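Coordinate inspection notes
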Amino acid sequence: MRLLITGRPGAGKGTQAVNITKFYNIPHISTGDMFRAAIKNQTALGMTAKGYMDKGALVPDEVTIGIVKERLLEPDCKNGFLLDGFPRTIAQAEALDKILSEQNVKLDAVLDVNVAREILVRRMVGRRVCKTCGATYHIEFNKPKTEGICDNCGSALIQRADDTESTAVNRLAVYDSQTAPLLAYYEKQGLLKTVNGDQPVDHVFADIKLALSK
Ligand code: ADP
Ligand code: ADP
Ligand code: ZN
């Protein structure tokens, strides 16, 4: 399975990606997670990415395409992968097509987790993530068993630096102008599968499995 998962910021891509990659036994490649790891490790990539991410802007295409290209060459991607949060621009989508055709492989499907923009600021502002294992929670919609503590590993939950209200609003605008055109791009290629992301997490996952089985 070679899959993409796309959708507005806060739509639930990361949450579903965890289920999908476990179910299909494929690596989860999240450009957002890669950038956050680079920031944590204070690498040159992290320094570059941070300025853009804090504003809710996109990291430049040449930087982002470079790290994805490198990642897709790793041996664990040979039999499939799930790209989460990449591509986010038409230039990235075209670069991905080129990378895959050089490897003589094709995408199987593009999942669009569709959620109306109105509820997404609340999803982002209430998001909490485990600082150790990266598990994602929500203060209202997906609470951990103990407030502020990760169910999986017992570490503290933190708020992402870009999950403030004003940055969330920016990210939604960036999505509309730069990422939304991808839907038509993949529709034309016959790859697009849209699922309703405004339902409980396991209902969304059931719809994803159904969409992928067709
Ligand atoms: P994305 O990767 O698309 O930005 P996340 O998976 O991180 O989105 O989810 C954003 C926030 O919304 C998180 O706090 C998550 O716990 C919560 N969330 C995810 N899926 C749902 C859902 N189906 N219903 C309600 N809240 C959800
Ligand atoms: P979300 O889906 O909630 O916005 P991500 O973790 O996917 O969260 O992305 C967080 C930030 O990382 C983005 O706002 C952007 O600054 C940067 N980023 C992630 N993926 C890309 C990408 N493919 N191209 C450019 N910037 C990206
Ligand atoms: Zn944890």
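What comes next is a walk through the structure. (Residues numbered from 1 in each chain as written. Chains lettered and ligands numbered in written order. Predicted model: local features only at pLDDT ≥ 70, side-chain atom pairs only at ≥ 80, totals over all residues. Heavy atoms only, no water.)

In the neighbourhood of ligand 1, 19 residues make up the surrounding shell, with Lys 13, Thr 15, Arg 127, Tyr 137 and Gln 199 lying closest. Residue Lys 13 places a main-chain N or O atom 2.8 Å away from an oxygen atom belonging to ligand 1. Between ligand 1 and Arg 123, the relevant distance is 3.3 Å, taken from a nitrogen atom to a side-chain nitrogen or oxygen of the residue. In isolation ligand 1 exposes 560 Å². Once the protein is present, 92% of that is buried. Elements with a minimum of two residues in the shell around ligand 1: α1 (13–24) and β6 (136–138). A class-by-class count of the residues in the shell around ligand 1 yields six nonpolar, nine polar and four charged. (Near = heavy atom within 4 Å. Polar contact = N/O pair within 3.5 Å; in protein donor to acceptor, adjacent residues only side chain to side chain. Areas by Shrake-Rupley, 256 points an atom, 1.4 Å probe, with all protein chains shown as cover. Helix = DSSP H or I, 4+ residues; strand = E, 2+ residues; numbered from the N terminus. Nonpolar A, V, L, I, M, F, W, Y, C, P; charged D, E, K, R; others polar.)

Ideal coordination angles are 109.5 degrees for a metal with four donors arranged tetrahedrally and 90 or 180 degrees for a metal with six donors arranged octahedrally. In this structure, Cys 130 (SG), Cys 133 (SG), Cys 150 (SG) and Cys 153 (SG) serve as the protein donors to the zinc ion (ligand 3), at separations of 2.3 to 2.4 Å. By relative accessible area, which is 40% here, Cys 133 ends up partly exposed. The exposure class of Cys 153 is partly exposed, given its relative accessible area of 38%. (Donors = N, O, S within 2.8 Å, 3.2 Å for Na, K, Ca; no water. Buried < 20%, exposed > 50% of the residue type's maximum accessible area, 1.4 Å probe, protein only.)

Aromatic ring pairs are defined here through the distance separating the ring centres and the angle between the ring planes. Summed over the entire model, instances satisfying the criterion amount to three aromatic pairs. On the numbers, 5.0 Å between centres and 85 degrees between planes, the contact of Tyr 185 with Tyr 186 is edge-to-face. By relative accessible area, which is 2% here, Tyr 186 ends up buried. Cluster of aromatic residues (ring-pair linked, three or more members): Phe 23, Tyr 24 and Phe 205. (Phe/Tyr/Trp six-rings, centres within 6.5 Å; stacked < 30°, edge-to-face > 60°.)

A few words now on the pairing of strand β1 (residues 2–6). Of all five residues that make up β1, five are buried, and the element is covered over most of its length. Of the two faces of β1, the one holding Arg 2, Leu 4 and Thr 6 and the one holding Leu 3 and Ile 5 are both buried throughout. Two strands pair when backbone bridges link them, and β1 and strand β4 (residues 109–114) are joined in this way by four bridges, in the parallel orientation. Residue pairing for β4: Leu 4 is matched across the bridge by Val 110. (Pairing = 2+ DSSP bridges.)

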